[in-house]
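Tertiary structure, described
Given next are the chains, with one letter for each unit.
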Amino acid sequence: NSFVSTLEFDSSGRILIGGGFTSFDGTGRNRIARLAATGSLDTSFNPGTGADAPVRDLVYDSSGKILAVGEFTLFNGTARNRIVRLNADGSVDVAFNPGTGANDAIRAILIQTDGKIVIGGDFTTFNGVTRNRIARLNADGSLDFTFTPGAGFDNTVFALDFDGSQRIL
């Protein structure tokens, strides 16, 4: 019933979607849903009340868990400032703890081969530490202090990718 801003396929061909919608095909799904390869809603993925604001990007980690980023501050009633990791069934993975998270929208996410997470967006702090619109997290959600982006960016980061040498673009 509203926009889809991101989608990802899993190894089974299912389609994970995120955006600003609050329902899919008449079923309540707040800003995140998983579809079967046929396009029908996969009801085995239940995000509960979902996100309280748009999801902007999604990625699967190496264990099949889902990282979602966006404008939300709650996910299924759990405080998660703009980043959350979900189990395969859609429940919040409480082992992933981003602390106070980002102070503004996260719009892009990547996972490095070592499991570290790169995020970009509108934020200027992550967990209270200055990080102008780009940061790297450890696999547990904590800020990676070995990644020092200097002054960072002076405007929104909408997209991230890796080059052939796994350097961040």
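For the structure, check the block above.
Let us look at the structure shown here. All of these numbers come straight from a predicted model, not from anything done at the bench. (Residues numbered from 1 in each chain as written. Predicted model: local features only at pLDDT ≥ 70, side-chain atom pairs only at ≥ 80, totals over all residues. Heavy atoms only, no water.)

1. Overview of the packing of aromatic side chains
Scanning the entire structure with this criterion turns up one aromatic pair. A ring pair is formed by Phe72 and Phe75, whose centres lie 6.2 Å apart and whose planes are at 70°; its orientation type is edge-to-face. Using a relative accessible area of 0% as the deciding quantity, one classes Phe72 as buried. (Phe/Tyr/Trp six-rings, centres within 6.5 Å; stacked < 30°, edge-to-face > 60°. Buried < 20%, exposed > 50% of the residue type's maximum accessible area, 1.4 Å probe, protein only.)

2. Quick look at the sheet that holds strand β5 (residues 32-35)
Sheet architecture is open: three strands sit in the order β1-β2-β5, paired in antiparallel fashion. The open sheet is flanked by β1 (4-9) and β5, the only strands paired with a single partner. The average angle at which neighbouring strand axes cross in this sheet is 20°, direction not considered. When strand β2 (residues 15-19) meets β5, the two strands line up antiparallel, connected through four bridges. Bridge pairing links Gly18 to Ile32 in β5. (Pairing = 2+ DSSP bridges. Helix = DSSP H or I, 4+ residues; strand = E, 2+ residues; numbered from the N terminus. Axes fitted to C-alpha atoms, helices over the stretch in contact; angles between N-to-C directions.)

3. Brief notes about the environment of Phe147
Within the element layout of this structure, Phe147 appears in the segment after β15 (134-137). Overall, Phe147 belongs to the buried group, its relative accessible area being 16%. Considering only alpha carbons, one finds Phe147 and Ala135, twelve residues apart in sequence, at a separation of 7.3 Å. When neighbours within four sequence positions are excluded, Phe147 is seen to be in contact with Arg131, Ile134, Ala135, Arg136 and Ile168. (Contact = heavy atoms within 4.5 Å.)

4. Some details on the side chain of Asp93
Of note, Asp93 is situated in the loop between β10 (83-86) and β11 (106-111). Separated by 2.9 Å, the side chains of Asp93 and Lys65 make a polar contact. Here Asp93 is in contact with Lys65, Arg80, Arg85, Leu86 and Asn87, once residues within four sequence places are set aside. (Polar contact = N/O pair within 3.5 Å; in protein donor to acceptor, adjacent residues only side chain to side chain.)

5. Some words on the sheet that holds strand β12 (residues 117-121)
Strands sit in the order β11-β12-β15 across an open sheet of three strands; the sheet is antiparallel. Looking at which strands have only one partner, the edges of the open sheet turn out to be β11 and β15. Recorded for the sheet is a direction-independent mean angle of 20° between the axes of neighbouring strands. For β11 and β12, the ladder comprises five bridges, and the chain directions are antiparallel. Bridge pairing in β12 links Ile106 to Gly121.

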